[in-house]
Amino acid sequence: MDKIKIPYHIGIIVDGNGRWAKEKGLSRSMGHLEGSKTLRRISLYAFEKGVKVLSAFVFSTENFKRSKEEVDYLMNLFVKEFGTNFKIFKEKNIKVVFSGEKKGLPNDVQEVIAKMEEQTINNDAGIFNVCINYGGRKEIVETSKKLAQMVVDEKIKIEDISEELFKKNLYYDLPDIDLLIRTSGEIRLSNFMLYQLSYAELYFPKTYFPDFLEKEFDLALEEYTKRDRRYGGINYEK
Ligand code: IPE
Ligand code: MG
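1. Some words on the pattern of salt bridges
Then, in step 1: Scanning the entire structure with this criterion turns up 20 salt bridges.
Then, in step 2: As a salt-bridge pair, Lys49 and Asp218 come within 3.1 Å of each other at their nearest N and O atoms. Note that Lys49 is positioned in helix 2 (residues 28–49) and Asp218 in helix 8 (residues 214–226), a separation of 169 residues in sequence.
Then, in step 3: Through salt bridges with shared partners, a single ionic network connects Asp15, Arg19, Arg182, Glu186 and Arg188.

2. Considerations on the site of ligand 1
Then, in step 1: Residues in contact with ligand 1, as listed here, are Val14, Asp15, Gly16, Asn17, Gly18, Arg19, Arg28, His32, Val58, Asn63, Arg66 and Leu74.
Then, in step 2: Side-chain polar atom of Arg28 to an oxygen atom of ligand 1: 2.9 Å apart, as the coordinates give it.
Then, in step 3: Broken down by secondary-structure element, the contributors of at least two residues to the shell around ligand 1 are helix 1 (17–23) and helix 2.
Then, in step 4: Element by element, the count of residues in the shell around ligand 1 is highest for helix 1, at 3 residues.
Then, in step 5: Counted by class, the shell around ligand 1 contains 3 nonpolar, 5 polar and 4 charged residues.

3. Thoughts on the nonpolar core
Then, in step 1: By size, the foremost hydrophobic cluster in this structure holds 39 residues, and its most contacted members are Ile10, Phe78, Phe82, Phe128, Ile132 and Phe217.
Then, in step 2: What Phe78 contacts, discounting residues up to four positions off in sequence, is Val58, Phe59, Gly83, Val109, Val112 and Ile132.
Then, in step 3: Of all hydrophobic cores here, the second largest spans 12 residues; its members include Cys131, Leu174, Phe192 and Met193.

4. Quick word on the packing of aromatic side chains
Then, in step 1: What the rule picks out here adds up to 17 aromatic pairs.
Then, in step 2: For the pair Phe59 and Phe64, a centre-to-centre distance of 4.9 Å together with 75 degrees between the ring planes defines the contact as edge-to-face.
Then, in step 3: On the basis of an interplanar angle of 85 degrees and a centroid distance of 6.0 Å, the ring pair of Phe59 and Phe78 is categorised as edge-to-face. Here Phe59 is found in strand 2 (residues 53–60), whereas its partner Phe78 is found in helix 3 (residues 68–85), with 19 residues between them in sequence.

5. Some remarks on helix 8
Then, in step 1: Helix length check: helix 8 (13 residues) gives 19 Å between terminal C-alpha atoms against 18 Å at 1.5 Å per residue, within 8%.
Then, in step 2: All of the buried residues along helix 8 are Phe217, Ala220, Leu221, Tyr224 and Thr225. In a view along the axis of helix 8, the buried residues occupy a sector of 140 degrees, so they form one face of it. For helix 8, exposure combined with an orientation more than 90 degrees from the buried face picks out Lys215 and Lys226.
Then, in step 3: For helix 8, the elements touching its buried residues are strand 1 (9–13), helix 2, strand 5 (179–182) and strand 6 (201–203).

6. Thoughts on the sheet that holds strand 5
Then, in step 1: Taken together, the 6 strands give an open sheet; going across it, the order is 3-4-2-1-5-6, and neighbouring strands pair in parallel fashion. Two strands close off the open sheet at either side, each with one partner strand: strand 3 (94–99) and strand 6. Put simply, the sheet's adjacent strands are angled 20 degrees from each other on average, direction ignored.
Then, in step 2: Both strand 1 and strand 5 contribute to a ladder of 4 bridges, which runs parallel. Bridged to Gly11 within strand 5 is Leu180.
Then, in step 3: Of the strands in this sheet, strand 3 and strand 4 (126–134) touch helix 5 (residues 107–120), which is tilted by about 145 degrees from strand 3.
Then, in step 4: Set on the sheet, helix 8 makes contact with strand 1, strand 5 and strand 6; between it and strand 6 the angle comes to about 140 degrees.

7. Here's the deal with unusual backbone geometry
Then, in step 1: Even without being a glycine, Ser190 presents a positive backbone phi close to 50 degrees.
Then, in step 2: For Ser190, a relative accessible area of 31% corresponds to the partly exposed category.
Then, in step 3: Residue Met193 is not a glycine yet carries a positive backbone phi of 35 degrees.
Then, in step 4: Position of Met193 among the secondary structure elements: in the loop between strand 5 and strand 6.

8. Topic: the side chain of Glu81
Then, in step 1: Examined against the element boundaries, Glu81 turns out to sit in helix 3.
Then, in step 2: Classification of Glu81 as buried rests on a relative accessible area of 4%.
Then, in step 3: Not counting the four nearest positions on each side in its chain, Glu81 is found in contact with Ser36, Arg40 and Phe86.

The rules behind these values
Residues numbered from 1 in each chain as written. Chains lettered and ligands numbered in written order. Predicted model: local features only at pLDDT ≥ 70, side-chain atom pairs only at ≥ 80, totals over all residues. Heavy atoms only, no water. Salt bridge = Lys/Arg side-chain N within 4 Å of Asp/Glu carboxyl O. Helix = DSSP H or I, 4+ residues; strand = E, 2+ residues; numbered from the N terminus. Near = heavy atom within 4 Å. Polar contact = N/O pair within 3.5 Å; in protein donor to acceptor, adjacent residues only side chain to side chain. Nonpolar A, V, L, I, M, F, W, Y, C, P; charged D, E, K, R; others polar. Core = buried A, V, L, I, M, F, W, Y, C linked by side-chain atoms within 4.5 Å. Buried < 20%, exposed > 50% of the residue type's maximum accessible area, 1.4 Å probe, protein only. Contact = heavy atoms within 4.5 Å. Phe/Tyr/Trp six-rings, centres within 6.5 Å; stacked < 30°, edge-to-face > 60°. Expected span 1.5 Å × (residues − 1). Arc of directions from axis to C-beta. Pairing = 2+ DSSP bridges. Axes fitted to C-alpha atoms, helices over the stretch in contact; angles between N-to-C directions.

So this is what it looks like as structure tokens:
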């Protein structure tokens, strides 16, 4: 096997917490709790391995359609995670940012998010982008509005709008995603980071997210290493 290639930016769609719990005769909440531990553990592992940017889809705008009991549990879990357990990222010099419609979240979630962003803003060992109340189309529409307003305010001209300027005005200016992982065997994007995923390698392991630990992560890197990324060109040396 060639030397393992480390993607610069990995996207992870967290999926299968509920099924993981059901198979064990546990409540869905227990699946989310275990999933939150896995997310922390696997993220730290990714940064240790040299990944520079990690984006995780933890709650889509559509997830608000779930039962009140499940949504409430998840929101409380987010308060505990981002408010307390995420200290580890602060200590590891990781910058934590949150993408999505923050205003649609309960106040206590908004508060812990703002605090975590503020406390890690100058960290530079990596970026952990947590997508919460997030939708990819919404991000593109919001960016379009922002750019339109800049034209109206005469800060830019229409001709200045380019792929690069558009990227810079997304929720955060992040590089393209190199590798996308979605756990639990579902093979779809579900409105996740549509602009940033254009050239990503896609990987869909069957493992439920709570079980997606170091060994599984290493398998994802192995698979990524085998992929021949050409960006529409041809690798004449092969
Ligand atoms: C992903 O697991 C976690 C969130 C969306 C918050 P699911 O809750 O989607 O788990 P399944 O798909 O029901 O197994
Ligand atoms: Mg699911």
